[in-house]
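Below, each chain spelled out in residue letters.
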Amino acid sequence: MTRRKRIEARTSGPLRIAALAALGALVVLDAAPAAASTQLDAALACRKALSTAGRVYADKRRKSLLTCGAKLLKCDILLEVDGENANGCRSKATDSCKRAIGPSADSAVNKAADKFDTKSGTECLPFGLTDMLSTAAGGLWFGNDTTCNLAVDLPSFIDCLRGEIDVEVDTVVGHVMPRIGILLDNAGLGGPYPNLPRPPSTLVIVSATAPGSGTLVSPGTISISSGMAVQIEGDAATLPCGGGQNGKLTISVSTALDPCTDPAALTYQIKEPYGSGDAVTLGPFTVDYNYCIDLKDASCSDTVTGTIDVP
């Protein structure tokens, strides 16, 4: 046997196998990463929760607004193009929109907001607000967010961050559906969505001649420019009549001479308590309309009419 063969024979047996096994173990040990630290796990979990929960919430808000706006817009187009009575359509659309984007805690948008708060708050609590704001190594750099970086605790920060998402989503929705702001206002649902676009408007405060008199002061002719809207509020000091909180103002607008009796008039309501931000926005108007404002509160009842004058 040659010297080369004797060497190969010696290294092909158990010794060679043991050597290869040892070498393999060294390779495996060398390739194994170090165990992640608790702080690293917390940072990654917080970052993932903010991204994932934020995307889910933003998608839900955007889709809910656009779906609601499309339903309300269909009703107004029916009236404006075909002259159809839109009240039944608007009533159904408004009920649907209340479930989707209304102020109730049970609305789809508010449920989605709660999920974002809970998910983000739970996952980011171990990491902590200080490290989330930190711009040093290992921080998430939210200190560069000049809107939310002064938050005093994690819940306040999460709430502020969601508010920034709201602005971004509503701005995009307003770009693709410019009428949505006024549509929601006309349905009494626009309050929580101040960042949606609106046409310029003029404010009319409906009042009574004296507290509890039950006699309305007529706004007279309301003169506006073409394309403007009219926002109507109730006067908290003079309108309440007869005690309780059952009073309501019913506002009807129509091109008919008497919108009070016109079945096709667009109708809106403001209920007590007045002066709490509850208002309706009518329009925008490009031609003259007539209005009817009716007060009902216990034994008090009065009606005034007038014109919305568009030069």
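For the structure, see preceding data.
Residues numbered from 1 in each chain as written. Predicted model: local features only at pLDDT ≥ 70, side-chain atom pairs only at ≥ 80, totals over all residues. Heavy atoms only, no water.

1. Concerning the environment of Gly244
The residue Gly244 is located in the loop between β3 (228–234) and β4 (248–254) in this model. According to the relative accessible area criterion, Gly244 is exposed, its value standing at 53%. A sequence separation of 54 residues divides Gly244 from Ala298, and the C-alpha atoms of the two residues are 8.4 Å apart. (Helix = DSSP H or I, 4+ residues; strand = E, 2+ residues; numbered from the N terminus. Buried < 20%, exposed > 50% of the residue type's maximum accessible area, 1.4 Å probe, protein only.)

2. Considerations on the state of the cysteines
Per the stated rule, a full pass over the model turns up 6 disulfides. The partner cysteine of Cys46 in its disulfide is Cys124, sulfur to sulfur 2.1 Å. Here Cys46 and Cys124 share a disulfide; its torsion about the S-S bond, 90 degrees, makes the bridge right-handed. Pair noted here: Cys46 is in helix α3 (residues 38–82) and Cys124 is in helix α5 (residues 108–124), with a separation of 78 residues, a long-range link. Accessibility classification places Cys46 together with Cys124 in one group, the buried group. Two residues, Cys68 and Cys97, share a disulfide whose sulfurs are 2.0 Å apart. In this structure the cystine formed by Cys68 and Cys97 twists about its S-S bond by roughly 110 degrees; its chirality is therefore right-handed. With Cys68 in helix α3 and Cys97 in helix α4 (residues 87–101), this residue pair connects regions lying 29 residues apart in the sequence. One exposure class covers both Cys68 and Cys97, and it is buried. When the cysteines engaged in disulfides are numbered in sequence order, the protein chain pairs them as 1-6, 2-5, 3-4, 7-8, 9-12, 10-11. (Disulfide = S-S within 2.5 Å.)

3. A word on the nonpolar core
By size, the foremost hydrophobic cluster in this structure holds 72 residues, and its most contacted members are Ile101, Met132, Phe157, Leu184, Ile232 and Leu249. When residues in this core are grouped by element, the largest group, 12 residues, is from α3. Those residues in contact with Leu184 that sit more than four places away from it in its chain are Leu65, Cys68, Leu72, Ile101, Leu189, Gly190, Tyr193 and Leu196. (Core = buried A, V, L, I, M, F, W, Y, C linked by side-chain atoms within 4.5 Å. Contact = heavy atoms within 4.5 Å.)

4. Points about unusual backbone geometry
Cis geometry is adopted by the peptide bond preceding Pro273, which originates at Glu272 and carries an omega value of 5 degrees. If you trace the backbone, Pro273 turns up in the loop between β5 (266–271) and β6 (279–285). Along the chain, Gly283 connects to Pro284 via a cis peptide bond; the corresponding omega equals 0 degrees. Within the element layout of this structure, Pro284 appears in strand β6. Here the phi dihedral of Trp141 falls at roughly 70 degrees; this positive angle occurs in a residue that is not glycine. On the secondary structure map, Trp141 appears in the loop between α6 (129–133) and α7 (154–176). Here Ala298, not a glycine, exhibits a phi torsion of approximately 55 degrees, which is positive. Locating Ala298 in the fold gives a position in the loop between β7 (289–297) and β8 (300–309).

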